[in-house]
Amino acid sequence: MGWEEKQVRGYPEFARTAQRYHGRPIFALFCGDKDAEGRSWCPDCVTAEPVVRKELHNMPDESVFIYCLVGDRAYWKDPNNEFRKNLKLTGVPTLLKYGTPQKLVEEECFKAELVRMLFTED
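Residues numbered from 1 in each chain as written. Predicted model: local features only at pLDDT ≥ 70, side-chain atom pairs only at ≥ 80, totals over all residues. Heavy atoms only, no water.

### Digging into the overall build of the protein
The test is simple: Note on conventions: DSSP H or I runs of at least 4 residues are helices, E runs of at least 2 residues are strands, and numbering of each starts at the N terminus. Radius of gyration means the value over C-alpha atoms here, while the globule rule gives 2.2 Å times the residue count to the 0.38 power. Only protein chains enter the area calculation, which uses a 1.4 Å probe; residues under 20% of their type maximum are buried, those over 50% are exposed, and those in between are partly exposed. Any pair of residues with heavy atoms lying within 4.5 Å of one another is described as a contacting pair. Residue burial considers only the protein chains on display, and all accessible areas are found by Shrake-Rupley using a 1.4 Å probe. For this count, His and the chain ends are skipped, Lys and Arg are scored as positive, and Asp and Glu as negative. Just so you know, the charge point we use is NZ for Lys, CZ for Arg, CG for Asp and CD for Glu.
The helix and strand inventory of the protein stands at 5 helices and 5 strands. Starting at the N terminus, the α and β elements of the protein follow one another as β-α-β-α-β-α-α-β-β-α. For 122 residues, the compact-globule estimate of 2.2 N^0.38 gives 14 Å, and the C-alpha radius of gyration of the protein, at 13 Å, lies within 12% of that figure. Each principal axis of the C-alpha atoms in the protein carries an extent, and together these give about 40 × 30 × 25 Å. Counting over 122 residues, the protein shows a buried share of 43%. A separation threshold of at least 6 residues defines the contact pool for the protein, and within that pool the share at least 24 residues apart is 64%. Roughly 6,600 Å² of accessible area belongs to the protein as shown, and the carbon and sulfur atoms make up 49% of that amount. Of the charged side chains in the protein, 18 are positive and 20 negative; the average position of the first set lies 3 Å away from that of the second.

### Details of unusual backbone geometry
Cis geometry marks the peptide bond from Val92 to Pro93, where omega comes out at 0°. Summarising the element assignment, Pro93 is placed in the loop between α4 (82–87) and β4 (94–97). One non-glycine residue with positive phi stands out, namely Lys88, at about 60°. With respect to the helices and strands, Lys88 occurs in the loop between α4 and β4. Among the residues examined, Lys88 registers a relative accessible area of 55% and is labelled exposed. The backbone of Glu106 sits at a positive phi, close to 50°, despite the residue not being glycine.

### A look at the sheet that holds strand β5 (residues 103–105)
The test is simple: Paired strands, in this sense, are two strands between which DSSP finds at least two bridges. Every axis in this analysis is a line fitted to C-alpha atoms, fitted for helices over the stretch in contact. Angles between the N-to-C directions lie between 0 and 180 degrees.
Spatially, 5 strands are ordered β1-β3-β2-β4-β5 in an open sheet, and the strand pairing comes out mixed. Each edge of the sheet is formed by a strand with only one pairing partner; in this case those strands are β1 (4–9) and β5. In this sheet, neighbouring strand axes are inclined to one another by 15° on average, regardless of whether the strands run parallel or antiparallel. The pairing of strand β2 (residues 26–31) with β4 spans 4 bridges and is antiparallel. Across the sheet, the residue bridging to Phe27 is Lys97, located in β4.

### Quick notes on the pattern of salt bridges
Rule in force here: What makes a salt bridge here is a side-chain nitrogen of Lys or Arg within 4 Å of a carboxyl oxygen of Asp or Glu, nothing more.
Taken as a whole and assessed by the stated rule, the structure comprises 7 salt bridges. For Glu49, the salt bridge identified is with Lys34, shortest N-O distance 2.9 Å. Of this pair, Glu49 sits in helix α2 (residues 43–55) while Lys34 sits in the loop between β2 and α2, and the two are 15 residues apart along the sequence. According to the relative accessible area criterion, Glu49 is buried, its value standing at 14%.

### Quick look at the packing of aromatic side chains
As a reminder, the rule being used: Ring pairs are drawn from Phe, Tyr and Trp, using the six-membered ring of Trp, whenever the two centres fall within 6.5 Å, and their geometry is named by plane angle: stacked under 30 degrees, edge-to-face over 60, tilted for the rest.
Throughout the structure, instances matching the rule amount to 6 aromatic pairs. Considering the side-chain rings of Phe30 and Phe83, the 5.7 Å spacing of their centres and the 70° angle between planes classify their relative orientation as edge-to-face. A residue pair is termed long-range when its members are at least 10 positions apart, and Phe30 in strand β2 and Phe83 in helix α4 qualify at 53 residues. Classification of Phe83 as buried rests on a relative accessible area of 0%.

Shown next, in the form of structure tokens:
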């Protein structure tokens, strides 16, 4: 069966999507919003996304990959935003295995071997 991808924007849509796939392995990549040309305001997100995408085939069968845009820079910088409060995110990009403490933050997402490890280890 392989895996499937869902693209969402904002915390409420992320939470609904994660709930819908409860019981399956869920991996999520959180990045800054993109402009009309498709470029994120977050340069680290621009660097990390192709690295993460290249490793998606390593996710376990039945996995769901949620690509989540966290909002514009001003929203993200607010220390009380829902991603910081509810998911304890400290930076973007963040790649995490939902429901576990396993995550890669910022430059860690640039390293293919770390991304692969997150996708393959229990």
